[in-house]
Amino acid sequence: MKQIVKLVIKYILYGISLGCTFFVIMCLSFSIGGGEEFLELIFQDFARQSAGAMAVGVACGGMAIVYQFDRLSGFVKVMIHFFVGMGVFYPVAISLGWIPFFPGRILHTVLQFLASCCIFIVIWFGFYLFNQNEAKRINERLREMERDKDSHYSDRLKSKSNKLNR
């Protein structure tokens, strides 16, 4: 139980740091790209904007904890991650003005939602590829260590055998 609590805290903090990092990157992008009016809106409501970024970070990044549990299928894990992430992101994004919302223009709203889903999928896929690459690198390193260990062990056996034969 204690280990699960540590894991949950780790992923919550990971999500907060991810949300804050994306928030800063977006603010820097608007600052460099000339989006001062958008930055003014953020700075006028900085506490809510920051809390929203952290909440989305926890929902999207922190929910990656679901991949630590073996009882669920990969598809179910992805769906939980996606629906929780989007279920938090979209309402937060609309309420904080990150995405404009026009109730009278349903097509516009649907297209925004689909664009948000696509961005989520691209980010998820980037993390997936990164983690796959890391797993391959770690597995290769483990194989190298195993070969070195086997080689070292067989060298020691040969050395002992030569000493016994003398």
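Below you will find a few notes about this structure. None of these values were measured; they are calculated from a predicted model. (Residues numbered from 1 in each chain as written. Predicted model: local features only at pLDDT ≥ 70, side-chain atom pairs only at ≥ 80, totals over all residues. Heavy atoms only, no water.)

1. Description of helix α3 (residues 46-60)
Applicable threshold: Helix and strand definitions follow DSSP, with helices as H or I runs of at least four residues and strands as E runs of at least two, each counted in order from the N terminus. Here a helix's expected span is defined as the number of its residues, less one, multiplied by 1.5 Å. Here's how the labels work: a residue is buried when its accessible area is under 20% of the maximum for its type, exposed when over 50%, partly exposed in between, all with a 1.4 Å probe on protein chains only.
Between the first and last C-alpha of α3 there are 21 Å, a value that for 15 residues agrees with the 21 Å anticipated at 1.5 Å per step. Listing the buried residues of α3 in full gives Q49, S50, G52, A53, V56, G57, A59 and C60.

2. Thoughts on the nonpolar core
Here is the rule: Residues belong to one nonpolar core when they are buried, are Ala, Val, Leu, Ile, Met, Phe, Trp, Tyr or Cys, and are joined through side-chain atoms within 4.5 Å. By definition, residues are in contact when any of their heavy atoms lie within 4.5 Å.
Core analysis: the biggest nonpolar cluster contains twelve residues, these being V56, C60, F82, M86, F89, Y90, V92, A93, L96, I99, C117 and F120. Elements with a contribution of two residues or more to this core: α3, α4 (74-95) and α5 (106-165). Examining the composition of this core, we find that six residues originate from one element, α4, more than from any other. Beyond its immediate sequence surroundings of up to four residues, C117 is in contact with F82 and M86. Counting five residues, the second largest nonpolar core, distinct from the first, contains F23, L39, I42 and A53.

3. Digging into the pattern of salt bridges
Any two side chains of opposite charge can pair if their charged atoms end up close together. The condition is simple: Any carboxyl oxygen of Asp or Glu within 4 Å of a side-chain nitrogen of Lys or Arg constitutes a salt bridge here.
Taken as a whole and assessed by the stated rule, the structure comprises five salt bridges. Put simply, R147 and E140 hold a salt bridge, and the shortest N to O gap is 3.4 Å. Residue class for R147 comes out partly exposed when judged on its relative accessible area of 47%. Across the pair E144 and R141 runs a salt bridge whose closest N-O atoms are separated by 3.5 Å.

4. Let's talk about the side chain of Q112
Selection criterion: Side-chain atoms alone can form a polar contact between residues adjacent in sequence; in general such a contact is a pair of N or O atoms within 3.5 Å, and within protein one must be able to donate a hydrogen while the other accepts it.
For Q112, the location among the structural elements is in helix α5. Judged by relative accessible area, Q112 falls into the buried class, the value being 13%. Reaching out from Q112, the side chain makes a polar contact with the backbone oxygen of P100 at a distance of 2.8 Å.

5. Considering the packing of aromatic side chains
Heads up, the rule is: Whether two aromatic rings pair depends on their centres lying within 6.5 Å, for rings of Phe, Tyr and Trp, where Trp uses its six-membered ring; planes under 30 degrees apart make the pair stacked, over 60 edge-to-face, and the rest tilted.
Using the criterion set out here, one finds nine aromatic pairs in the structure. Judged by centre distance (5.3 Å) and plane angle (75°), the rings of F82 and F83 are edge-to-face. When its relative accessible area of 55% is taken as the criterion, F83 is described as exposed. An angle of 20° between the planes, with centres 6.1 Å apart, marks the rings of F125 and Y128 as stacked.

6. Focus on the side chain of H81
Its location among the elements puts H81 in helix α4. Not counting residues within four places of it along the chain, the set of residues in contact with H81 comprises A59, C60, M63, A64, V66, Y67, F120 and W124.

7. As for the environment of V58
If you trace the backbone, V58 turns up in helix α3. Along the primary structure V58 and Y11 are separated by 47 residues, whereas in three dimensions their C-alpha atoms are 7.6 Å apart. Setting aside its immediate chain neighbours within four residues, V58 contacts I12, G15, I16 and M63.

8. Overview of a nonpolar patch on the surface
For clarity, the threshold we go by: Exposure above 30% relative accessible area and the lack of any salt bridge qualify a residue for a patch; like charges then connect within 9 Å, and the nonpolar side chains Val, Leu, Ile, Met, Phe, Trp and Tyr within 5 Å. Each accessible area is a Shrake-Rupley result for a 1.4 Å probe, and residues are judged covered by the shown protein chains and nothing else.
On the surface, a nonpolar cluster with roughly 580 Å² of combined accessible area is contributed by I106, L107, V110, L111, F113 and L114. Along the chain, L107 turns up in helix α5.

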